[in-house]
Amino acid sequence: MVAELPPVETLAAGQSERYRERAAAHLVNAPPRSRPLAGAAAGRTVLAGDGRVFLDLAGGVEGNALGHAHPDVVAAVSAQVARHGCLPRDRRFLDPAAVELAERLARASGGAGLASVCLTGGAVCATRVAAALATASTGRQKIVIYPAGPGGGAAAGLASVSFARDPDALAEALDGDTAAVLVTPDAPFPSDLRERCTRAGALLVAYEVESDPGRTGAWFGFQHAGLTPDAVALASGVGGGLPLGAVLWSPAIHAPLDEAALDRLAGSVSPVACAAGVAAFDVIEREGLLDQAARNGAYLGDRIESVRAQFPDELVEAGGRGLAWALRVAADAAPILEAMEARGVLAGAVEGERDLIRLRPPLTIRAAELDVFVGVLRAVLAARAGLRP
């Protein structure tokens, strides 16, 4: 039912605790209740140091679209490291893997025609490139990010940012001083947002730094939302699970950003991450994982709704598309996540939203594995409600 893990020796008795003690002495950003790994994770599963196997629906930082240690990604990374793992920052060399990835990203944008691609070191750099593109092409400084929650960290350092929490606030923030609106395509934005941006002379940027390509059942979320953006900012998943970001825009946009400015804003771009990203794109295309994500996402949504109907006081809301879902619970989500982990299933928390559970299973997940998750969720909520599942 779950991916077969390679044989790995488990940590000896007491060794996990010693790792925690060593981390406490030196590793200041070690998670306080982390579980040391024995070094194995494959597909949809993770093997902990105590020998327990977990079904992983957390998806790393949303960027692990193919799951752990996909053989094609591993091979691409290994081959790239054997060639070169990094390049000088003075741009004396052109990395073929970066060219390959840029071509795939441009092709994936389809009819949007986003043929100009700037690869970046991650989400923060992608946000800054998108903002610089907008301010340079419009001569304005204000960037509106909608909704207010996403992008708070990534927007750090931008000169002028306005956060809009609802459609009314978005309409009010979009004025003659606005250079761009960065909107997450899953937000309930006004249907005429494209027209409003055009009238205001502002760029419309699909802000997708928290969603890896392909997860929603299309390459990009704006392709579901009916948006025609001027640009799209990406991060998670572009590098096949390794840190990378990108900004795509229409060549029709006047972008007076010189090479030095782009290089400074984009940060370090790893050839290894580019190679991993190319491999991930190829696997998704070859194995038809966009359609599979759409089918399994619809199945997962139906199963989650059955749980919500059974426990409406515990699971108060659920929403998502493809294999990107968020569940809102009645109280703090942490005890639910801990109870699920105790039953062998990993799901994600949402920073700043204590009542949300985030699901990002790999695109390779099977319906039977989604059933395992749903069964565990049902059992945990039943226990909280004092009932049998």
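Draft legend 1. Region of interest: the overall build of the protein. Tallying secondary structure elements over the protein gives 12 helices and 15 strands in all. Counting only contacts in the protein whose residues sit at least 6 apart along the sequence, the fraction spanning at least 24 positions is 70%. Looking at the protein as shown, the accessible area adds up to about 17700 Å², and 53% of this sits on carbon and sulfur atoms.

Draft legend 2. Seen up close, the packing of helix α10 (residues 289-310) against helix α12 (residues 367-384). Here α10 crosses α12 at 15 degrees, and the two axes come no closer than 10 Å. Overall, the two elements α10 and α12 adopt an arrangement that is roughly parallel. Seen along the crossing, α10 lies across α12 with a hand that is right-handed. Residues Asn 296, Tyr 299, Leu 300, Arg 303, Ile 304, Ser 306, Val 307 and Gln 310 of α10 pack against Ala 367, Leu 370, Asp 371, Phe 373, Val 374, Leu 377, Arg 378 and Leu 381 of α12. Its residues assigned to classes, the contact of α10 with α12 shows 10 nonpolar, 3 polar and 3 charged.

Draft legend 3. Representation of the environment of Cys 197 in the model. Inspection of the secondary structure assignment puts Cys 197 in helix α6 (residues 193-200). Considering only alpha carbons, one finds Cys 197 and Asp 175, 22 residues apart in sequence, at a separation of 8.9 Å.

Draft legend 4. Spatial organisation of α12. If you check α12, its first and last C-alpha atoms are 26 Å apart, about what 18 residues at 1.5 Å a residue would give, namely 26 Å. Considered for burial, the residues of α12 that qualify are Glu 369, Leu 370, Phe 373, Val 374, Val 376, Leu 377, Arg 378, Ala 379, Val 380, Leu 381 and Ala 382.

Draft legend 5. A look at the sheet that holds strand β7 (residues 178-183). Read from one edge of the open sheet, 7 strands run β4-β10-β9-β8-β7-β5-β6, paired in mixed fashion. Here the strands that pair on one side only, and so sit at the sheet edges, are β4 (116-120) and β6 (161-163). On average, adjacent strands in this sheet sit at an angle of 20 degrees to one another, irrespective of strand direction. As defined by bridge partners, strand β5 (residues 142-146) adjoins β6 across 3 bridges and the pair is classed as parallel. Across the sheet, Ile 145 pairs through a bridge with Phe 163, a residue of β6. Contacting β4, β9 (231-234) and β10 (245-249), helix α3 (residues 96-108) runs over the sheet at an angle of about 125 degrees to β4.

Draft legend 6. Just the sheet that holds strand β15 (residues 353-359), in detail. Judged by pairing direction, the sheet is antiparallel, and its 4 strands sit side by side in the order β11-β12-β15-β14 without closing on themselves. Single-partner strands in this sheet number two, and they are β11 (315-321) and β14 (348-350). Taking the axes of each pair of neighbouring strands and ignoring which way they run, one obtains an average angle of 30 degrees across the sheet. One ladder, built from 3 bridges, connects β14 with β15; its direction is antiparallel. Pairing of Gly 348 across the sheet is with Arg 358, part of β15. Where α10 meets the sheet, it contacts β11, β12 (324-329) and β15, and its direction lies at approximately 175 degrees from that of β11.

Draft legend 7. Spotlight on the nonpolar core. Ranked by internal contacts, the top residues of the largest apolar core, which has 79 residues, are Leu 101, Leu 105, Met 340, Ile 357 and Phe 373. Sort the elements by how many residues they give to this core and helix α9 (residues 271-286) lands first, with 10 residues. When near neighbours in sequence (up to four residues on either side) are disregarded, Met 340 contacts Val 345, Ala 347, Phe 373, Val 376, Leu 377 and Val 380. Ranked by size, the runner-up nonpolar core spans 27 residues in total, among them Cys 118, Val 129, Ala 132 and Ala 266.

Draft legend 8. Layout of the pairing of β5. Across the 5 residues of β5, 5 count as buried, placing the element largely inside the fold. Bridging between β5 and β7 involves 5 bridges; their strand directions are parallel. Residue pairing across strands places Tyr 146 opposite Val 183, the latter belonging to β7.

Draft legend 9. Layout of the packing of aromatic side chains. Using the criterion set out here, one finds 2 aromatic pairs in the structure. Between Trp 219 and Phe 281, the aromatic rings sit 4.5 Å apart at their centres with planes inclined by 20 degrees, giving stacked as the arrangement. Residue Trp 219 is located in the loop between β8 (203-208) and α7 (222-225), and its partner Phe 281 is located in helix α9; the two are separated by 62 residues in the primary sequence. Trp 219 sits in the buried class, given a relative accessible area of 12%. Overall, Phe 281 belongs to the buried group, its relative accessible area being 3%.

Draft legend 10. Quick look at the pattern of salt bridges. The full count for this structure, using the stated rule, is 16 salt bridges. Between Glu 369 and Arg 44 there is a salt bridge, with its nearest N and O atoms 3.0 Å apart. Placement of Glu 369 in helix α12 and of Arg 44 in the loop between β1 (37-42) and β2 (45-48) is noted, with a sequence separation of 325 residues between them. What makes Arg 44 buried here is its relative accessible area of 7%. Arg 104 is paired through a salt bridge with Asp 282; the nearest N and O atoms lie 2.8 Å apart. One end of the pair, Arg 104, is in helix α3; the other, Asp 282, is in helix α9, and 178 residues separate them in sequence. Residue Arg 104 is classed as buried on the basis of its relative accessible area of 13%. Relative accessible area serves as the criterion here: at 27%, Asp 282 is assigned to the partly exposed category. Bridged by salt links that share partners, the residues Asp 72, Arg 286 and Glu 287 form one connected network.

What counts and how
- Numbering of residues begins from 1 in every chain and follows the order in which that chain's sequence is written.
- At least 70 in pLDDT is required for a residue's local features to be given in this predicted model, at least 80 for side-chain atom pairs to be given and counted, and no such filter applies to totals for whole chains, interfaces and linings, which use all residues.
- In computing side-chain values, all of the structure's heavy atoms are included and hydrogens and water are not.
- Note on conventions: DSSP H or I runs of at least 4 residues are helices, E runs of at least 2 residues are strands, and numbering of each starts at the N terminus.
- Residues are treated as being in contact if the distance between any of their heavy atoms lies within 4.5 Å.
- Under the convention used here, a 1.4 Å probe and the Shrake-Rupley method define accessible areas, while residue burial counts only the protein chains that appear.
- Note on geometry: axes are lines fitted to C-alpha atoms, helical ones only across the stretch in contact, with angles between N-to-C directions running from 0 to 180 degrees.
- These descriptions rest on fixed angle ranges, namely under 35 degrees for roughly parallel, over 145 for roughly antiparallel, 65 to 115 for roughly perpendicular, and the rest for oblique.
- A crossing counts as left-handed when the near helix is turned anticlockwise from the far one by less than a right angle, and as right-handed when that turn is clockwise.
- Only Asp, Glu, Lys and Arg are considered charged, only Ala, Val, Leu, Ile, Met, Phe, Trp, Tyr, Cys and Pro nonpolar, and every remaining residue, Gly among them, polar.
- Here the expected span of a helix is defined as 1.5 Å times the quantity of residues minus one.
- Partly exposed residues are those whose accessible area sits between 20% and 50% of the maximum for their type, while under 20% is buried and over 50% is exposed, using a 1.4 Å probe and protein chains only.
- Two strands make a pair as long as DSSP finds a minimum of two bridges between them.
- Buried residues of nine kinds, namely Ala, Val, Leu, Ile, Met, Phe, Trp, Tyr and Cys, make up a nonpolar core once their side-chain atoms join them within 4.5 Å.
- Stacked, tilted and edge-to-face are the three classes applied to pairs of Phe, Tyr and Trp rings, where Trp contributes its six-membered ring and a pair requires centres within 6.5 Å; stacked means planes under 30 degrees apart, edge-to-face means over 60, and tilted covers the rest.
- Any carboxyl oxygen of Asp or Glu that lies within 4 Å of a side-chain nitrogen of Lys or Arg is treated as forming a salt bridge with it.

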